Amino acid sequence: MESSTKTVVPEKQKTACLVVGVFAGKALGSIAARIDSASGKTLSKLLAHGDLDAKAGSSLMLHHLPGVAAERVLLISYGKPEEFDEKAYRDALAAAGKKLAELKAEEAVVTLADVELEGRSAEWRARIAMQLLANAAYRYDAPRAKKDDEKRGVAKITLAFSGKPDAEIERGARQGSAVAAGMALARDLGNLPGNVCTPTYLADTAKKLGKESKKLRIEIFDQQGIEKLGMGAFLSVAHGSHEAPRFIVMKYAGAKNKKDKPIVLVGKGITFDSGGVSLKPGEAMDEMKFDMCGAAAVLGAFKTLAELDLPINVVGLIPATENMPGGAASKPGDVVTSMSGQTIEILNTDAEGRLILCDALSYAERFDPACVIDIATLTGACIIALGNHTSGLLANDDTLAQELMATGATADDRAWQLPLFDVYQDQLKSNFADMANIGGRAAGAITAACFLSRFAKAYKWAHLDIAGSAWKSGTEKGATGRPVPLLAQFLIERAQT
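Now for a quick tour of the structure. This structure is a prediction, so every number in the text was calculated from the model and none was measured. (Residues numbered from 1 in each chain as written. Predicted model: local features only at pLDDT ≥ 70, side-chain atom pairs only at ≥ 80, totals over all residues. Heavy atoms only, no water.)

The relative placement of two packed helices comes down to the angle between their axes together with the axis-to-axis distance. Taken N-terminus to C-terminus, the directions of helix α9 (residues 293-308) and helix α14 (residues 484-496) make an angle of 40°; their axes are 9 Å apart at the nearest point. Judged by the angle between their axes, α9 and α14 are oblique. Crossing geometry of α9 relative to α14 is assigned as right-handed. For the pair α9 and α14, the contacting residues are Ala297, Gly300, Ala301, Thr304, Leu305 and Leu308 in the first and Val484, Leu487, Ala488, Leu491 and Ile492 in the second. Here the contact of α9 with α14 is built from residues that sort into nine nonpolar, two polar and no charged. (Axes fitted to C-alpha atoms, helices over the stretch in contact; angles between N-to-C directions. Helix = DSSP H or I, 4+ residues; strand = E, 2+ residues; numbered from the N terminus. Parallel < 35°, antiparallel > 145°, perpendicular 65-115°, else oblique. Left-handed = near helix turned anticlockwise from the far one by under 90°. Contact = heavy atoms within 4.5 Å. Nonpolar A, V, L, I, M, F, W, Y, C, P; charged D, E, K, R; others polar.)

Structural data, given as structure tokens:
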């Protein structure tokens, strides 16, 4: 999605589609008022007759308005002025994005960010506008025998304002566009089938990102390299698959002081999860191609990081493998030794994500990180607890947790903190090893994080369980690109401070 900002004289703006926001039951804003005046009070008459619903996000497409240069004017309702808030603003943008994604036109001019919103700056409005509009334009290019040659959806969006856009607005739009690009990469990776998006494919994607930024260095460990690192927990998962595992290390050196402690992002990269010997039910098993969405989010965040050229040091770690029930696969009751030296009794081979992540968390110690955030589609229990709207958050540092929740709210990509009390650790006791890899059905999302916390004692650490937020099921099945917005906002704010 190509994006830009500009000052607009709305009635004279030549464009395939001019998107204008209006409130229900209130005098028109400056841009809508000029369109109304130029068109002989057309907007006033339509609103008076109730042709545009008062609900935020309602829309009405108008063609060839007299006195208006735009081919189309798309009216979007902000809702009632006394109820206008962030949700109403996002609903208006989402509705506009959906309409523009269906439009047979190359470009559009959107004026929705030219509205006052209490508590939010023009920079934030521009960032969220571009992020949502560009994300709405996303299309997965599925392999089909017959391609749909009919082009739909605008490829260029201009955010327009009644006054001259300042540096903050331009920065916000640029950030929103970069976040959307990161989300698109994450969505593409998640949507690809498991026979295409293998561990090797993820490694090749990281290499391509490395070529896009001189500040980014990529190192890939093959199975022999992983063995030399002593990652026994990681390898216990990889042994069941014919696909070779990869451990991907990405180092972005953007800070002026190269010795600044990096932020480390760790992404779960299970490119297909059959459950291993503890085989999953067949129903909806196809969706287990999405079990690498943590890895996809890290790659997406690095895409955004490189596009914005942020002055910060960041390391990305992705352990990537399939979890398959091959002849060499781990069995319930097996005991493996992690990179940290701690031993693990595998009671369920379908609790494999924590086994690959724990070795990556141990590897993270060598960077003396400012903090470490792991991102994983880890537990169905998190979906039961929080549903599909909110990512689970657990941490060994409450300040870090609060920071992530605040940035998630800013980025419209929320997370919510669950407790990590010591009493939950007892559920991981084992008679045959230092710990078991599961703690029973009760508090499953919490005990999974308790397991990971045993490998993250050397630094400030947070865990994002995105099992509910990383993809959608049903008729809208597909990856969402979350939590790229949260991670990107976190890095942007850290870079600013």
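Below, the discussion takes up empty space enclosed by the protein. Under the definition given, this model contains three cavities of 30 Å³ or more. The space that makes up the largest cavity amounts to roughly 80 Å³. Along the walls of the largest cavity sit Ser236, Val237, Gly240, Gly276, Asn323, Met324, Ala329, Ser330, Ile346, Thr349, Glu352 and Leu355, which together make up its complete lining. Looking at the lining of the largest cavity, its residues break down into five nonpolar, six polar and one charged. One number sums up the size of the second largest cavity: a volume of about 40 Å³. (1 Å grid on protein atoms, 1.4 Å probe; cavity = no way out; pocket = protein on both sides within 12 Å on 5 of 7 lines; lining within 4 Å. Points joined across faces, edges and corners; volume = space filled by probe spheres on them.)

A full pass over the atoms with the stated rule returns twelve aromatic pairs. Their ring planes at 85° and their centres at 5.0 Å tell us that phenylalanine 247 and tyrosine 363 sit as a pair that is edge-to-face. Here phenylalanine 247, found in strand β8 (residues 246-253), pairs with tyrosine 363, found in helix α10 (residues 353-364); they are 116 residues apart in sequence, far enough to count as distant. For the pair formed by phenylalanine 247 and tyrosine 363, the shared burial category is buried. Aromatic ring contacts, followed pair by pair, group Phe23, Tyr78, Phe84, Tyr89 and Trp124 into a single cluster. (Phe/Tyr/Trp six-rings, centres within 6.5 Å; stacked < 30°, edge-to-face > 60°. Buried < 20%, exposed > 50% of the residue type's maximum accessible area, 1.4 Å probe, protein only.)

The subject of this paragraph is the sheet that holds strand β17 (residues 435-436). Pairing between sheet strands relies on hydrogen bonds along the backbone, with the strands arranged either parallel or antiparallel. With mixed pairing, three strands are arranged side by side in an open sheet as β12-β13-β17. This sheet does not close on itself; its edge strands, each paired only once, are β12 (335-337) and β17. Pairing analysis gives three bridges linking β12 to strand β13 (residues 343-345), with the strands arranged antiparallel. Residue threonine 337 lies in a different strand from β13, and its bridge partner there is threonine 343. (Pairing = 2+ DSSP bridges.)

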